[in-house]
Amino acid sequence: MDLGLTGKVALVLGSTAGLGRASAEALAAEGAHVVVVGRRAELVDALVESLPSAAGVVADVTDPDAPALLVNRAREQFGEVDIVVLNGGGPPPGAADSFTAEAAQAAFDLLLKQHISLVGAVLPGMRQRGWGRILAVGSSGVQQPIPTLTASNVGRAALAAYLKTLACTVAGDGVTVNMVLPGRIDTDRVAQLDRAAAERTGRTPEDARAASEAAIPTGRYGEPAEFGAVVAFLASRQAGYVTGEQVRVDGGLVGAY
Ligand SMILES: NC(=O)c1ccc[n+]([C@@H]2O[C@H](COP(=O)([O-])OP(=O)(O)OC[C@H]3O[C@@H](n4cnc5c(N)ncnc54)[C@H](OP(=O)(O)O)[C@@H]3O)[C@@H](O)[C@H]2O)c1
């Protein structure tokens, strides 16, 4: 199936590794020009080299100047941004009974504030051209809060509320807004969470991973490419009538409808 992404310009935040990288690769494989973003210059360069049409920006997405810098860079290289994938690092783990107001503020800054600024920088052009795709990497914790990830649950729920509200506002202008919710996809971040769980519970990281996989109906972690494929579909021409959605890529982890 031709997803209609040839020549589209995609800005993918946090794309030197994991879910962002898989999203960048999937969009590039469909013919999009991809702007790769991350703090590790060597990984930015390596990914740009490996993709058919890509440019890299070494940037920290939490930097207040990052949204304007990234959009300008994309424009210089390829033209106006058609697709944006909001992504970045996750906040530190922690239980709700030790959560603080400062940690809540930090979660909002990391998971909400910069993404709102980035959307503000690309949205007017998308509306004017009558076509745009705003996608955010979320978490299954948006729908089923994860007890050890309070900051993530709180910050991403706020992002979900913003995006759902935005989706209705811009739907008539050809701009779709969706979240993709990973459960447990096999990335560095999940390996790090398994190590933290192992330390907390006095197990090996392998045992922590096995216990985590056993809780997933498919019995395994997802592959990053399985996540990237869903991102590419939601960015596609064919997904033009899908908006305001949260699409889970979680192997059946969340039990609710
Ligand atoms: N994997 C899962 O199953 C899962 C589940 C639920 C939620 N999530 C969330 O999804 C997001 C991506 O997860 P992942 O598993 O792909 O993590 P990952 O493997 O650790 O990759 C994170 C990516 O974000 C980039 N990044 C982090 N902080 C950044 C910053 N300040 N500025 C620019 N780039 C930054 C990293 O690149 P540099 O280090 O080069 O900057 C890297 O490319 C995270 O927020 C995570 O919490 C993941």
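Up top you'll find the structure we're talking about.
A brief look at the structure comes next. Worth saying up front: this structure is predicted, and the values here are computed from it rather than measured. (Residues numbered from 1 in each chain as written. Predicted model: local features only at pLDDT ≥ 70, side-chain atom pairs only at ≥ 80, totals over all residues. Heavy atoms only, no water.)

## Observations regarding the overall build of the protein chain
Each helix and strand in the protein chain was counted, giving eight helices and seven strands. Rg of the C-alpha trace for the protein chain: 18 Å, near the compact-globule value of 18 Å for 257 residues, within the 12% margin. Along the three orthogonal principal directions, the C-alpha set of the protein chain runs to about 55 × 35 × 35 Å. Taking all 257 residues of the protein chain together, 47% fall into the buried category. Within the protein chain, contacts between residues at least 6 apart in sequence are counted, and of these 70% link residues at least 24 apart. Here the protein chain holds 21 positive side-chain charges and 27 negative ones, and the gap between their average locations is 4 Å. (Helix = DSSP H or I, 4+ residues; strand = E, 2+ residues; numbered from the N terminus. Rg over C-alpha atoms; globule rule 2.2 N^0.38 Å. Buried < 20%, exposed > 50% of the residue type's maximum accessible area, 1.4 Å probe, protein only. Contact = heavy atoms within 4.5 Å. Lys, Arg positive; Asp, Glu negative; His and termini not counted. Charge placed at Lys NZ, Arg CZ, Asp CG, Glu CD.)

## So, the packing of helix H3 (residues 66-77) against helix H4 (residues 101-129)
Packed helix pairs are characterised by how far apart their axes lie and by the angle those axes make with each other. Running from N to C, H3 and H4 point in directions that differ by 35°, and their axes come no closer than 9 Å. For the crossing formed where H3 meets H4, the hand is right-handed. In this structure, H3 contributes Ala66, Pro67, Leu70 and Val71 to the contact, and H4 contributes Gln114, Ser117, Leu118, Ala121 and Val122. Here the contact of H3 with H4 is composed, by residue class, of seven nonpolar, two polar and no charged. (Axes fitted to C-alpha atoms, helices over the stretch in contact; angles between N-to-C directions. Left-handed = near helix turned anticlockwise from the far one by under 90°. Nonpolar A, V, L, I, M, F, W, Y, C, P; charged D, E, K, R; others polar.)

## Notes on the pattern of salt bridges
Should the charged atoms of two oppositely charged side chains come close, the side chains can pair. As enumerated under the stated definition, the model contains nine salt bridges in all. A salt bridge links Asp250 to Arg248; its shortest N-O distance comes to 3.7 Å. Taken together, the salt bridges that share partners define one network made up of Asp186, Arg209 and Glu213. (Salt bridge = Lys/Arg side-chain N within 4 Å of Asp/Glu carboxyl O.)

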